[in-house]
Amino acid sequence: MQHEAFPQIEGMTFREYCQSLCDHMRRLDPRYDWIGIYWLEGDTLALGPWSGSQETEHTKIPVCEGICGAAVREAKTIIVDDVRKDSRYLSCFFDTRSEIVVPIHANGQIIGEIDIDGKETGAFGRRDQTFLEALAHHIGEQWPGQW
Ligand code: SME
């Protein structure tokens, strides 16, 4: 997916749009094994739309926990090459090896994040970061003010 060619929101609610983005990205890139968007509700990340072969038990994550929480606390993208070596990691799927978490900002605040799990170690790098930060920016621009 090119930055300038994100699918358009016309005719969809914001939630439907975020769901379509998750489905679309997963189809486009097999490295993106599980993709979810968490909304930030107070001090908790709540799972919204997701695309993957399995549900996660982590549908609510306090910002003090997990790689997901760390991305909010540090207000930056986090890439983990090998989740088995990261003590922050909250395990969801037995075969996950790498993870990238990208905060979504709107109106100068973090409103949520994109979380992607991969099956290979070191699956995600600078190109993913650049692309997903552009996507997160795009999602933030579409945000209607509430989830
Ligand atoms: N692994 C994440 C939890 C969410 S699942 O990957 C879907 C974490 O450590 O925060």
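Residues numbered from 1 in each chain as written. Predicted model: local features only at pLDDT ≥ 70, side-chain atom pairs only at ≥ 80, totals over all residues.

Concerning the environment of Leu45
Okay, so step 1: Take Leu45: it is sitting in strand S2 (residues 44-51).
Okay, so step 2: Taking C-alpha positions, Leu45 is 11 Å from Pro103, a pair spaced 58 residues apart along the chain.
Okay, so step 3: Every residue in contact with Leu45, bar those within four places of it in the chain, is listed here: Tyr38, Leu40, Ile61, Val63, Cys68, Gly69, Val72 and Glu113. (Helix = DSSP H or I, 4+ residues; strand = E, 2+ residues; numbered from the N terminus. Contact = placed C-beta atoms within 7 Å.)

Here's the deal with the site of the ligand
Okay, so step 1: In the neighbourhood of the ligand, 13 residues make up the surrounding shell, with Gly66, Ile67, Cys68, Leu90 and Cys92 lying closest.
Okay, so step 2: Taken together, the elements giving at least two residues each to the shell around the ligand come down to helix H2 (66-74) and strand S6 (109-118).
Okay, so step 3: Here the shell around the ligand takes 3 residues from H2, the largest share from any one element.
Okay, so step 4: Along the lines of polarity and charge, the residues of the shell around the ligand split into 6 nonpolar, 4 polar and 3 charged. (Near = placed C-beta within 6 Å. Nonpolar A, V, L, I, M, F, W, Y, C, P; charged D, E, K, R; others polar.)

Remarks on helix H1 (residues 14-28)
Okay, so step 1: Over its 15 residues, H1 extends 21 Å from the first C-alpha to the last, a length consistent with the 21 Å expected when each residue adds 1.5 Å.
Okay, so step 2: Residues of H1 that are buried: Cys18, Leu21 and Cys22. The arc enclosing the buried residues of H1, seen along the axis, measures out at 95 degrees, which places them on a common side. Pointing more than 90 degrees away from the buried face of H1 are the exposed residues Glu16, Arg27 and Leu28.
Okay, so step 3: Along its buried surface, H1 packs onto strand S1 (34-41), S2 and helix H3 (126-142). (Expected span 1.5 Å × (residues − 1). Buried ≥ 20, exposed ≤ 12 C-beta atoms within 10 Å, placed from the backbone. Arc of directions from axis to C-beta.)

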